[in-house]
Amino acid sequence: MSTYTDASLIYYPSGYKEDKLYSLKPTDGSGDLDFTRASTATRVNEQGLIEEASVLGSELVTNGDFATDTDWTKGGGWSIDTINGVAVANNVSSFIALSQNSVFVPGKRYLITYTILDYVSGNVAIFDGNVGVTTTRTSNGTYTQYFTPTSSSVRFISNGVVGTFKIDNVSVKEVITLNVPRIDYTGGGCAKLLLEGQRTNVIKQSQDYTTGDYILSNITSININFATSPSGALNSQKVNFGTGASYVRSKESLASALSCSIFAKYVDYPYLQIMIGGDSEHYANFDVQNGTTGNVGTKSTASIEDYGNGWYRIIINSLSGTFGSAPRIYKIDNLLASWGTGGGAAGSCLLWGFQLELGSYSTSLINTTTTAVTRLADEVTLNNVYTNNLITASGGTWFIHILNNIEKVRDTVGGLYLAQTNAYNSSNGFRIGQTSATESRLKIVRYLGGVATTYQTTADIIKIAISWNGTTWDLWENGIKVVSAEAFTFTALEYLASNLDIAYEIQSQELYPTA
(Lines give C-alpha, C1' and ligand atoms only; values in the text may rest on other atoms or scores of the structure.)
Protein backbone atom coordinates (compact mmCIF):
# COMPACT_ATOMS: atom_id res chain seq x y z
CA MET A 1 0.00 0.00 0.00
CA SER A 2 1.25 3.46 -0.90
CA THR A 3 0.30 6.20 1.55
CA TYR A 4 0.47 8.87 -1.14
CA THR A 5 -1.53 6.88 -3.69
CA ASP A 6 -4.26 5.74 -1.30
CA ALA A 7 -4.68 8.92 0.75
CA SER A 8 -7.20 11.55 -0.32
CA LEU A 9 -5.62 14.20 1.95
CA ILE A 10 -2.04 14.44 3.22
CA TYR A 11 -0.98 17.29 5.47
CA TYR A 12 2.56 17.81 6.76
CA PRO A 13 3.56 21.12 8.39
CA SER A 14 5.35 22.91 5.56
CA GLY A 15 3.76 25.37 3.16
CA TYR A 16 1.51 28.14 4.44
CA LYS A 17 0.46 31.73 3.93
CA GLU A 18 -1.81 34.18 5.67
CA ASP A 19 -5.12 32.36 6.41
CA LYS A 20 -4.04 29.06 4.85
CA LEU A 21 -2.22 25.77 5.48
CA TYR A 22 -1.27 23.93 2.30
CA SER A 23 -1.79 20.17 2.05
CA LEU A 24 0.53 17.97 0.04
CA LYS A 25 -2.51 16.22 -1.44
CA PRO A 26 -4.90 16.98 -3.11
CA THR A 27 -3.09 19.48 -5.30
CA ASP A 28 -6.17 21.39 -6.48
CA GLY A 29 -6.56 23.29 -3.20
CA SER A 30 -9.65 21.41 -2.00
CA GLY A 31 -7.64 19.94 0.87
CA ASP A 32 -5.96 23.16 2.01
CA LEU A 33 -6.99 24.14 5.52
CA ASP A 34 -8.34 27.57 6.45
CA PHE A 35 -6.55 29.16 9.40
CA THR A 36 -7.47 32.05 11.68
CA ARG A 37 -5.93 33.76 14.71
CA ALA A 38 -6.63 37.48 14.84
CA SER A 39 -3.56 38.30 16.93
CA THR A 40 0.20 37.94 16.84
CA ALA A 41 1.90 34.83 18.22
CA THR A 42 5.42 33.46 18.59
CA ARG A 43 7.04 30.25 17.41
CA VAL A 44 10.47 28.60 17.46
CA ASN A 45 11.98 28.73 13.97
CA GLU A 46 14.28 26.24 12.22
CA GLN A 47 17.33 27.92 13.81
CA GLY A 48 15.88 27.35 17.27
CA LEU A 49 15.11 31.05 17.83
CA ILE A 50 11.86 32.47 19.18
CA GLU A 51 10.25 34.83 16.69
CA GLU A 52 6.90 36.36 15.86
CA ALA A 53 5.14 34.19 13.27
CA SER A 54 4.88 36.21 10.08
CA VAL A 55 4.72 36.13 6.30
CA LEU A 56 5.53 38.80 3.76
CA GLY A 57 2.81 40.41 1.69
CA SER A 58 2.93 41.30 -1.99
CA GLU A 59 5.35 43.77 -3.51
CA LEU A 60 4.33 47.39 -2.83
CA VAL A 61 6.95 49.32 -4.81
CA THR A 62 6.30 49.97 -8.49
CA ASN A 63 9.31 49.94 -10.84
CA GLY A 64 11.74 48.97 -8.10
CA ASP A 65 14.17 47.74 -10.75
CA PHE A 66 14.13 51.14 -12.51
CA ALA A 67 13.36 49.58 -15.87
CA THR A 68 11.50 52.75 -16.86
CA ASP A 69 11.80 56.41 -15.95
CA THR A 70 8.41 56.43 -14.24
CA ASP A 71 6.71 56.13 -10.83
CA TRP A 72 9.52 57.85 -8.88
CA THR A 73 9.74 61.54 -8.01
CA LYS A 74 13.31 62.74 -8.53
CA GLY A 75 14.75 65.66 -6.58
CA GLY A 76 17.67 67.72 -7.89
CA GLY A 77 20.67 65.55 -8.79
CA TRP A 78 18.63 62.32 -9.06
CA SER A 79 18.02 60.54 -12.38
CA ILE A 80 16.97 57.09 -13.58
CA ASP A 81 19.29 55.19 -15.94
CA THR A 82 16.88 52.85 -17.74
CA ILE A 83 19.66 51.21 -19.78
CA ASN A 84 21.37 49.90 -16.64
CA GLY A 85 18.23 49.81 -14.53
CA VAL A 86 19.42 52.01 -11.64
CA ALA A 87 18.56 55.25 -9.90
CA VAL A 88 21.54 57.61 -9.93
CA ALA A 89 22.41 60.14 -7.22
CA ASN A 90 25.01 62.53 -8.63
CA ASN A 91 26.30 65.00 -6.03
CA VAL A 92 22.85 65.04 -4.47
CA SER A 93 22.53 67.60 -1.71
CA SER A 94 21.62 66.51 1.79
CA PHE A 95 17.96 65.51 2.21
CA ILE A 96 17.12 65.81 -1.51
CA ALA A 97 15.02 62.71 -2.11
CA LEU A 98 14.19 60.03 -4.61
CA SER A 99 10.65 59.14 -3.53
CA GLN A 100 7.53 57.15 -4.32
CA ASN A 101 4.17 57.96 -2.75
CA SER A 102 1.41 55.71 -1.42
CA VAL A 103 3.69 52.80 -0.61
CA PHE A 104 3.15 52.47 3.15
CA VAL A 105 0.17 52.44 5.47
CA PRO A 106 1.34 54.30 8.58
CA GLY A 107 1.60 52.11 11.64
CA LYS A 108 2.08 48.83 9.81
CA ARG A 109 5.40 46.99 9.77
CA TYR A 110 7.42 46.51 6.59
CA LEU A 111 10.54 44.86 5.26
CA ILE A 112 12.51 46.97 2.81
CA THR A 113 15.34 45.67 0.65
CA TYR A 114 17.58 47.69 -1.66
CA THR A 115 21.03 47.61 -3.28
CA ILE A 116 23.68 50.36 -3.30
CA LEU A 117 26.03 50.34 -6.30
CA ASP A 118 29.03 52.45 -7.35
CA TYR A 119 29.18 54.17 -3.98
CA VAL A 120 31.43 57.24 -3.88
CA SER A 121 30.07 59.37 -1.04
CA GLY A 122 27.04 60.06 1.11
CA ASN A 123 25.07 58.66 4.04
CA VAL A 124 22.43 56.58 2.29
CA ALA A 125 19.21 56.23 4.29
CA ILE A 126 15.48 55.90 3.96
CA PHE A 127 13.49 58.65 5.62
CA ASP A 128 9.95 58.72 6.97
CA GLY A 129 9.03 62.38 6.66
CA ASN A 130 12.01 64.12 8.26
CA VAL A 131 13.03 61.14 10.37
CA GLY A 132 15.45 58.40 9.32
CA VAL A 133 13.93 54.95 9.66
CA THR A 134 16.79 52.79 8.39
CA THR A 135 20.44 52.47 9.28
CA THR A 136 22.71 54.85 7.37
CA ARG A 137 24.78 52.98 4.74
CA THR A 138 28.18 54.08 3.42
CA SER A 139 29.24 51.23 1.12
CA ASN A 140 28.07 49.02 -1.72
CA GLY A 141 25.83 46.10 -0.80
CA THR A 142 22.31 44.77 -0.53
CA TYR A 143 20.55 45.79 2.67
CA THR A 144 17.35 44.73 4.41
CA GLN A 145 15.60 46.31 7.37
CA TYR A 146 12.29 46.16 9.20
CA PHE A 147 10.55 49.39 10.18
CA THR A 148 7.17 50.93 10.99
CA PRO A 149 6.55 54.22 9.13
CA THR A 150 4.38 57.17 10.09
CA SER A 151 3.88 58.39 6.51
CA SER A 152 3.02 56.74 3.19
CA SER A 153 6.10 57.58 1.08
CA VAL A 154 9.41 55.79 0.65
CA ARG A 155 12.23 58.38 0.36
CA PHE A 156 15.93 57.74 -0.35
CA ILE A 157 18.25 60.56 0.73
CA SER A 158 21.86 61.28 1.61
CA ASN A 159 21.68 62.14 5.27
CA GLY A 160 23.57 65.32 6.15
CA VAL A 161 26.16 65.26 3.35
CA VAL A 162 26.40 65.39 -0.44
CA GLY A 163 26.02 61.93 -1.97
CA THR A 164 27.07 60.14 -5.15
CA PHE A 165 25.86 56.52 -5.51
CA LYS A 166 23.30 54.36 -7.30
CA ILE A 167 20.22 52.51 -6.04
CA ASP A 168 18.68 49.31 -7.47
CA ASN A 169 16.28 46.48 -6.65
CA VAL A 170 14.05 48.37 -4.22
CA SER A 171 11.45 46.15 -2.59
CA VAL A 172 8.89 46.88 0.13
CA LYS A 173 6.61 44.19 1.58
CA GLU A 174 4.27 44.30 4.53
CA VAL A 175 5.11 41.99 7.42
CA ILE A 176 1.84 40.17 8.14
CA THR A 177 1.43 38.67 11.61
CA LEU A 178 -2.32 38.17 12.01
CA ASN A 179 -3.83 34.84 10.91
CA VAL A 180 -0.40 33.34 10.25
CA PRO A 181 -0.03 29.63 11.10
CA ARG A 182 2.83 28.56 13.33
CA ILE A 183 5.14 25.86 11.96
CA ASP A 184 7.15 25.22 15.10
CA TYR A 185 10.54 23.61 15.81
CA THR A 186 10.62 23.68 19.63
CA GLY A 187 13.00 20.97 20.81
CA GLY A 188 14.50 20.50 17.33
CA GLY A 189 13.62 17.77 14.87
CA CYS A 190 10.83 17.88 12.34
CA ALA A 191 8.35 20.71 12.02
CA LYS A 192 5.00 20.55 13.77
CA LEU A 193 1.84 22.62 13.56
CA LEU A 194 1.37 24.43 16.86
CA LEU A 195 -2.24 25.13 17.84
CA GLU A 196 -3.02 26.91 21.12
CA GLY A 197 -6.09 28.33 22.75
CA GLN A 198 -6.48 31.91 23.93
CA ARG A 199 -4.08 33.01 26.67
CA THR A 200 -3.06 36.34 28.22
CA ASN A 201 0.33 37.26 29.65
CA VAL A 202 -0.63 39.60 32.49
CA ILE A 203 2.99 40.69 33.03
CA LYS A 204 3.00 44.20 31.55
CA GLN A 205 6.71 44.30 30.67
CA SER A 206 8.07 40.85 29.96
CA GLN A 207 11.64 41.85 29.05
CA ASP A 208 12.74 44.83 31.17
CA TYR A 209 12.96 44.32 34.94
CA THR A 210 14.15 47.85 35.67
CA THR A 211 10.69 49.37 35.11
CA GLY A 212 8.06 50.27 37.66
CA ASP A 213 6.28 46.99 36.91
CA TYR A 214 8.72 45.21 39.23
CA ILE A 215 9.86 45.30 42.84
CA LEU A 216 13.56 44.50 43.31
CA SER A 217 14.88 43.23 46.62
CA ASN A 218 18.66 43.09 47.19
CA ILE A 219 19.35 43.33 43.46
CA THR A 220 22.67 45.18 43.24
CA SER A 221 22.23 46.12 39.58
CA ILE A 222 20.68 45.08 36.27
CA ASN A 223 22.58 45.29 32.98
CA ILE A 224 20.11 45.85 30.14
CA ASN A 225 20.68 44.44 26.62
CA PHE A 226 23.58 42.47 28.08
CA ALA A 227 23.48 39.33 25.92
CA THR A 228 21.50 37.65 23.15
CA SER A 229 18.21 36.13 24.27
CA PRO A 230 16.45 33.04 22.87
CA SER A 231 15.16 35.35 20.13
CA GLY A 232 18.72 35.93 18.88
CA ALA A 233 18.47 39.64 19.66
CA LEU A 234 20.66 41.53 22.10
CA ASN A 235 17.86 42.13 24.59
CA SER A 236 18.31 39.90 27.65
CA GLN A 237 19.16 41.39 31.03
CA LYS A 238 21.89 40.41 33.46
CA VAL A 239 20.38 40.43 36.94
CA ASN A 240 22.98 40.76 39.69
CA PHE A 241 21.71 39.28 42.95
CA GLY A 242 23.17 40.39 46.28
CA THR A 243 24.31 38.06 49.07
CA GLY A 244 21.46 36.32 50.89
CA ALA A 245 17.79 36.66 50.05
CA SER A 246 17.20 38.58 46.82
CA TYR A 247 14.52 38.52 44.15
CA VAL A 248 12.78 40.13 41.20
CA ARG A 249 9.05 40.44 41.89
CA SER A 250 6.29 41.22 39.45
CA LYS A 251 3.41 43.41 40.59
CA GLU A 252 0.85 41.26 38.74
CA SER A 253 -1.13 38.34 40.14
CA LEU A 254 -3.87 35.87 39.22
CA ALA A 255 -6.73 34.50 41.29
CA SER A 256 -6.85 30.87 40.14
CA ALA A 257 -4.78 28.04 38.62
CA LEU A 258 -1.82 29.57 36.80
CA SER A 259 1.40 28.97 34.95
CA CYS A 260 4.44 31.19 35.49
CA SER A 261 7.62 30.98 33.43
CA ILE A 262 10.79 32.87 32.55
CA PHE A 263 13.85 32.20 30.42
CA ALA A 264 17.07 32.04 32.43
CA LYS A 265 20.76 31.49 31.70
CA TYR A 266 23.61 30.78 34.08
CA VAL A 267 26.31 33.44 34.42
CA ASP A 268 27.96 32.60 37.73
CA TYR A 269 25.07 31.51 39.96
CA PRO A 270 22.94 28.40 39.21
CA TYR A 271 19.97 28.22 41.60
CA LEU A 272 16.66 30.01 41.10
CA GLN A 273 13.19 29.58 42.53
CA ILE A 274 9.87 30.70 41.05
CA MET A 275 7.71 31.45 44.07
CA ILE A 276 4.05 32.51 44.00
CA GLY A 277 3.11 34.46 47.10
CA GLY A 278 0.18 33.49 49.29
CA ASP A 279 0.62 29.71 49.42
CA SER A 280 3.75 27.97 50.70
CA GLU A 281 3.22 25.07 48.25
CA HIS A 282 3.41 27.37 45.20
CA TYR A 283 7.12 27.17 44.42
CA ALA A 284 9.66 25.28 42.31
CA ASN A 285 13.47 25.22 42.36
CA PHE A 286 15.73 25.12 39.31
CA ASP A 287 19.41 24.67 38.43
CA VAL A 288 19.92 26.83 35.34
CA GLN A 289 23.51 25.69 34.93
CA ASN A 290 22.69 21.99 34.53
CA GLY A 291 19.05 22.17 33.44
CA THR A 292 17.47 20.31 36.37
CA THR A 293 14.64 20.85 38.84
CA GLY A 294 14.72 20.50 42.62
CA ASN A 295 12.05 20.73 45.28
CA VAL A 296 8.54 21.52 44.05
CA GLY A 297 5.56 22.49 46.20
CA THR A 298 2.86 19.87 46.64
CA LYS A 299 0.25 22.06 44.92
CA SER A 300 2.49 22.74 41.93
CA THR A 301 4.27 21.03 39.06
CA ALA A 302 7.47 22.18 37.40
CA SER A 303 9.54 21.66 34.26
CA ILE A 304 12.66 23.06 32.66
CA GLU A 305 13.02 23.28 28.88
CA ASP A 306 16.31 23.59 26.99
CA TYR A 307 16.30 26.37 24.37
CA GLY A 308 19.98 26.05 23.45
CA ASN A 309 23.01 28.27 24.01
CA GLY A 310 22.69 27.82 27.77
CA TRP A 311 19.12 29.15 27.92
CA TYR A 312 16.37 27.34 29.81
CA ARG A 313 12.71 28.12 30.24
CA ILE A 314 11.82 27.45 33.87
CA ILE A 315 8.13 26.79 34.49
CA ILE A 316 5.86 26.38 37.48
CA ASN A 317 2.19 25.40 37.26
CA SER A 318 0.26 26.07 40.45
CA LEU A 319 -2.99 24.16 40.28
CA SER A 320 -4.73 24.50 43.65
CA GLY A 321 -4.49 26.37 46.95
CA THR A 322 -4.55 30.08 47.74
CA PHE A 323 -4.06 32.50 44.85
CA GLY A 324 -3.89 36.25 44.38
CA SER A 325 -0.25 37.09 45.11
CA ALA A 326 2.52 38.06 42.70
CA PRO A 327 5.34 35.77 41.46
CA ARG A 328 8.98 36.24 42.40
CA ILE A 329 12.23 35.01 40.88
CA TYR A 330 14.28 34.16 43.95
CA LYS A 331 17.98 33.39 44.21
CA ILE A 332 18.23 30.33 46.47
CA ASP A 333 21.26 28.56 47.95
CA ASN A 334 20.40 25.00 46.84
CA LEU A 335 17.74 22.89 45.12
CA LEU A 336 16.26 21.78 48.44
CA ALA A 337 15.24 25.30 49.50
CA SER A 338 11.67 25.71 50.68
CA TRP A 339 9.13 28.35 49.66
CA GLY A 340 10.50 31.91 49.75
CA THR A 341 13.79 30.89 51.35
CA GLY A 342 16.37 32.97 49.51
CA GLY A 343 20.06 32.75 50.23
CA GLY A 344 23.52 32.01 48.94
CA ALA A 345 26.43 34.10 47.77
CA ALA A 346 26.07 37.03 45.42
CA GLY A 347 25.79 36.03 41.77
CA SER A 348 24.21 36.68 38.41
CA CYS A 349 21.85 35.13 35.87
CA LEU A 350 20.45 36.30 32.56
CA LEU A 351 16.67 36.68 32.47
CA TRP A 352 14.23 37.23 29.62
CA GLY A 353 10.56 36.63 28.77
CA PHE A 354 8.63 36.69 32.05
CA GLN A 355 5.13 35.21 31.61
CA LEU A 356 2.18 34.76 33.96
CA GLU A 357 -0.98 33.21 32.50
CA LEU A 358 -4.19 31.59 33.67
CA GLY A 359 -4.15 27.86 33.01
CA SER A 360 -2.59 24.63 34.16
CA TYR A 361 0.32 24.60 31.69
CA SER A 362 2.60 27.09 29.98
CA THR A 363 2.12 28.19 26.40
CA SER A 364 4.33 29.90 23.84
CA LEU A 365 5.90 33.22 24.78
CA ILE A 366 3.62 36.27 24.65
CA ASN A 367 5.85 39.34 24.55
CA THR A 368 4.67 42.46 26.38
CA THR A 369 6.07 45.98 26.66
CA THR A 370 3.55 48.26 28.41
CA THR A 371 0.40 46.26 29.12
CA ALA A 372 -1.00 42.73 29.31
CA VAL A 373 -1.25 41.06 25.89
CA THR A 374 -3.71 38.40 24.73
CA ARG A 375 -2.89 35.82 22.09
CA LEU A 376 -6.15 34.66 20.53
CA ALA A 377 -6.92 31.03 19.76
CA ASP A 378 -5.62 29.27 16.67
CA GLU A 379 -8.44 27.78 14.60
CA VAL A 380 -8.17 25.36 11.66
CA THR A 381 -11.08 24.38 9.42
CA LEU A 382 -11.61 22.27 6.29
CA ASN A 383 -15.18 22.30 4.95
CA ASN A 384 -16.86 19.97 2.45
CA VAL A 385 -14.76 16.94 3.37
CA TYR A 386 -17.49 14.52 2.28
CA THR A 387 -18.72 16.64 -0.63
CA ASN A 388 -15.20 16.78 -2.08
CA ASN A 389 -14.84 12.98 -1.81
CA LEU A 390 -12.02 13.07 0.71
CA ILE A 391 -14.16 10.48 2.47
CA THR A 392 -17.06 8.57 0.88
CA ALA A 393 -20.33 6.77 1.51
CA SER A 394 -18.23 3.64 1.97
CA GLY A 395 -16.56 5.27 4.97
CA GLY A 396 -13.08 6.59 5.54
CA THR A 397 -10.04 6.77 7.79
CA TRP A 398 -8.72 9.75 9.75
CA PHE A 399 -5.05 9.51 10.73
CA ILE A 400 -3.34 12.07 12.93
CA HIS A 401 0.09 12.16 14.59
CA ILE A 402 0.15 14.26 17.79
CA LEU A 403 3.19 15.08 19.94
CA ASN A 404 3.45 16.07 23.62
CA ASN A 405 0.27 14.29 24.67
CA ILE A 406 0.98 14.81 28.35
CA GLU A 407 -1.58 15.13 31.13
CA LYS A 408 -3.11 18.61 31.20
CA VAL A 409 -6.13 20.37 32.62
CA ARG A 410 -8.13 21.83 29.76
CA ASP A 411 -8.72 25.58 29.40
CA THR A 412 -12.21 25.07 28.00
CA VAL A 413 -14.33 22.40 26.29
CA GLY A 414 -13.30 21.60 22.73
CA GLY A 415 -10.80 19.67 20.66
CA LEU A 416 -10.07 18.53 17.12
CA TYR A 417 -13.00 16.98 15.32
CA LEU A 418 -14.32 15.40 12.13
CA ALA A 419 -18.08 15.80 12.22
CA GLN A 420 -21.35 16.10 10.35
CA THR A 421 -21.68 19.82 11.21
CA ASN A 422 -19.25 22.45 12.43
CA ALA A 423 -20.01 21.54 16.05
CA TYR A 424 -18.31 18.47 17.45
CA ASN A 425 -20.73 17.81 20.32
CA SER A 426 -24.09 18.26 18.60
CA SER A 427 -23.66 16.09 15.52
CA ASN A 428 -22.39 12.70 14.46
CA GLY A 429 -18.64 12.35 14.24
CA PHE A 430 -15.37 12.00 16.09
CA ARG A 431 -13.52 14.26 18.48
CA ILE A 432 -9.97 14.23 19.83
CA GLY A 433 -9.86 16.30 23.00
CA GLN A 434 -9.43 16.64 26.74
CA THR A 435 -12.92 15.82 27.95
CA SER A 436 -12.47 16.20 31.72
CA ALA A 437 -11.75 19.12 34.04
CA THR A 438 -8.91 17.22 35.74
CA GLU A 439 -5.42 16.38 34.48
CA SER A 440 -5.63 13.89 31.64
CA ARG A 441 -4.20 12.89 28.28
CA LEU A 442 -6.32 13.29 25.16
CA LYS A 443 -9.42 11.18 24.66
CA ILE A 444 -11.08 9.93 21.47
CA VAL A 445 -14.84 10.40 21.46
CA ARG A 446 -17.39 8.93 19.03
CA TYR A 447 -20.71 10.79 18.75
CA LEU A 448 -23.72 9.03 17.22
CA GLY A 449 -27.33 10.11 17.66
CA GLY A 450 -26.48 12.15 20.74
CA VAL A 451 -24.66 9.27 22.45
CA ALA A 452 -20.92 9.52 23.14
CA THR A 453 -18.40 6.78 23.81
CA THR A 454 -14.86 7.59 24.93
CA TYR A 455 -11.38 6.06 24.70
CA GLN A 456 -8.47 7.33 26.81
CA THR A 457 -5.10 7.60 25.04
CA THR A 458 -2.07 6.34 26.93
CA ALA A 459 1.17 7.63 25.37
CA ASP A 460 3.08 10.94 25.15
CA ILE A 461 3.31 10.61 21.36
CA ILE A 462 0.25 9.20 19.63
CA LYS A 463 -0.51 8.07 16.11
CA ILE A 464 -4.27 7.76 15.95
CA ALA A 465 -6.24 6.05 13.17
CA ILE A 466 -10.05 6.26 13.25
CA SER A 467 -11.74 4.10 10.62
CA TRP A 468 -15.46 3.69 9.79
CA ASN A 469 -17.41 1.82 7.10
CA GLY A 470 -21.02 2.97 7.46
CA THR A 471 -21.84 0.33 10.03
CA THR A 472 -19.07 0.30 12.65
CA TRP A 473 -15.86 2.11 13.57
CA ASP A 474 -12.42 1.01 14.77
CA LEU A 475 -9.66 2.85 16.56
CA TRP A 476 -5.90 2.31 16.61
CA GLU A 477 -3.41 3.97 18.95
CA ASN A 478 0.23 3.60 17.90
CA GLY A 479 -0.56 0.55 15.77
CA ILE A 480 -2.63 -1.26 18.39
CA LYS A 481 -6.35 -1.75 17.83
CA VAL A 482 -8.10 -0.44 20.93
CA VAL A 483 -11.72 -0.14 19.72
CA SER A 484 -13.21 -2.78 17.44
CA ALA A 485 -16.46 -2.83 15.47
CA GLU A 486 -18.37 -0.35 17.62
CA ALA A 487 -21.53 1.03 16.04
CA PHE A 488 -21.18 4.08 13.78
CA THR A 489 -23.66 4.29 10.93
CA PHE A 490 -23.05 7.83 9.64
CA THR A 491 -20.61 8.67 6.82
CA ALA A 492 -21.32 12.22 5.58
CA LEU A 493 -18.73 13.95 7.80
CA GLU A 494 -18.22 17.40 6.26
CA TYR A 495 -16.09 19.33 8.77
CA LEU A 496 -12.48 18.74 9.85
CA ALA A 497 -11.88 21.51 12.35
CA SER A 498 -10.64 22.70 15.73
CA ASN A 499 -12.17 24.35 18.78
CA LEU A 500 -9.21 24.25 21.10
CA ASP A 501 -9.39 23.04 24.67
CA ILE A 502 -5.63 22.55 25.14
CA ALA A 503 -2.48 23.05 23.06
CA TYR A 504 -1.84 20.63 20.19
CA GLU A 505 1.38 19.81 18.34
CA ILE A 506 0.47 18.07 15.08
CA GLN A 507 3.17 16.24 13.11
CA SER A 508 0.92 15.06 10.28
CA GLN A 509 -2.68 14.40 9.29
CA GLU A 510 -4.21 12.25 6.56
CA LEU A 511 -7.61 11.19 5.27
CA TYR A 512 -8.41 8.05 3.29
CA PRO A 513 -11.66 7.54 1.32
CA THR A 514 -12.23 4.02 2.63
CA ALA A 515 -12.04 2.20 5.95
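Here, every reference points to the structure presented above.
The numbers attached to residues start from 1 for each chain and follow its sequence in the written order. It should be noted that, the model being predicted, local features are given only for residues of pLDDT at least 70 and side-chain atom pairs only at 80 or more, the latter also being counted only at that level, while totals for whole chains, interfaces and linings use all residues. With hydrogens and water set aside, each side-chain value is computed from the structure's full complement of heavy atoms.

1. Focus: the pattern of salt bridges
- Here, a salt bridge means any side-chain nitrogen of Lys or Arg that lies within 4 Å of a carboxyl oxygen of Asp or Glu. In this structure the tally under the stated criterion is 16 salt bridges.
- Lys108 is the partner of Glu174 in a salt bridge, and the nearest nitrogen-oxygen pair spans 3.7 Å. Taken together, the positions of Glu174 in strand E17 (residues 163-176) and Lys108 in the loop between strand E11 (98-100) and strand E12 (110-121) put the pair 66 residues apart, joining distant regions of the chain.
- Lys108 gets classed as partly exposed once you look at its relative accessible area, which sits at 36%.
- Two residues, Arg199 and Glu357, come together in a salt bridge whose shortest N-O distance is 2.8 Å. Of this pair, Arg199 sits in strand E20 (residues 199-201) while Glu357 sits in strand E32 (residues 347-358); the two residues are 158 residues apart in sequence, bridging distant segments of the chain. Accessibility classification places Arg199 together with Glu357 in one group, the buried group.
- Put simply, Arg37, Arg182, Glu196, Arg375 and Asp378 are held in one network by salt bridges that share partners. Starting at the N terminus, helices and strands are each numbered in turn, a helix being any DSSP run of H or I of at least four residues and a strand any DSSP run of E of at least two. The classification of residues rests on relative accessible area computed with a 1.4 Å probe and restricted to protein chains. Under 20% of the type maximum is buried, over 50% is exposed, and intermediate values are partly exposed.

2. Structural notes on unusual backbone geometry
- Each neighbour pair has its own omega, and for Lys25 with Pro26 the value is 0 degrees, a cis peptide bond.
- At Asn179, a residue that is not glycine, the phi angle is positive and equals roughly 60 degrees.
- One can find Asn179 in the loop between E17 and strand E18 (183-184).
- Positioned with a positive phi, Asn478 is a non-glycine residue whose angle comes to about 50 degrees.
- One can find Asn478 in the loop between strand E41 (472-477) and strand E42 (480-487).
- The partly exposed category is assigned to Asn478, whose relative accessible area is 35%.

3. Quick notes on the packing of aromatic side chains
- Ring geometry is summarised as follows: Phe, Tyr and Trp rings, the Trp one being its six-membered ring, pair when their centres sit within 6.5 Å, and such pairs are stacked at plane angles under 30 degrees, edge-to-face over 60 and tilted between the two. The tally for this structure, following the rule as stated, stands at 17 aromatic pairs.
- Considering the side-chain rings of Tyr114 and Phe156, the 5.3 Å spacing of their centres and the 75 degrees angle between planes classify their relative orientation as edge-to-face. With Tyr114 in strand E12 and Phe156 in strand E16 (residues 154-158), the pair connects residues that are 42 residues apart, well separated along the chain. Each member of the pair, Tyr114 as well as Phe156, is classed as buried.
- Through pairs of rings, three or more aromatic residues link up here, namely Phe430, Trp468, Trp473 and Phe488.
- Geometrically, a lysine NZ or arginine CZ counts as sitting over a ring once it is within 6 Å of the ring centre and also within 35 degrees of the ring normal. Positioned above the aromatic ring of Tyr269 is the side chain of Lys331, whose terminal nitrogen or guanidinium carbon lies 5.1 Å from the ring centre.

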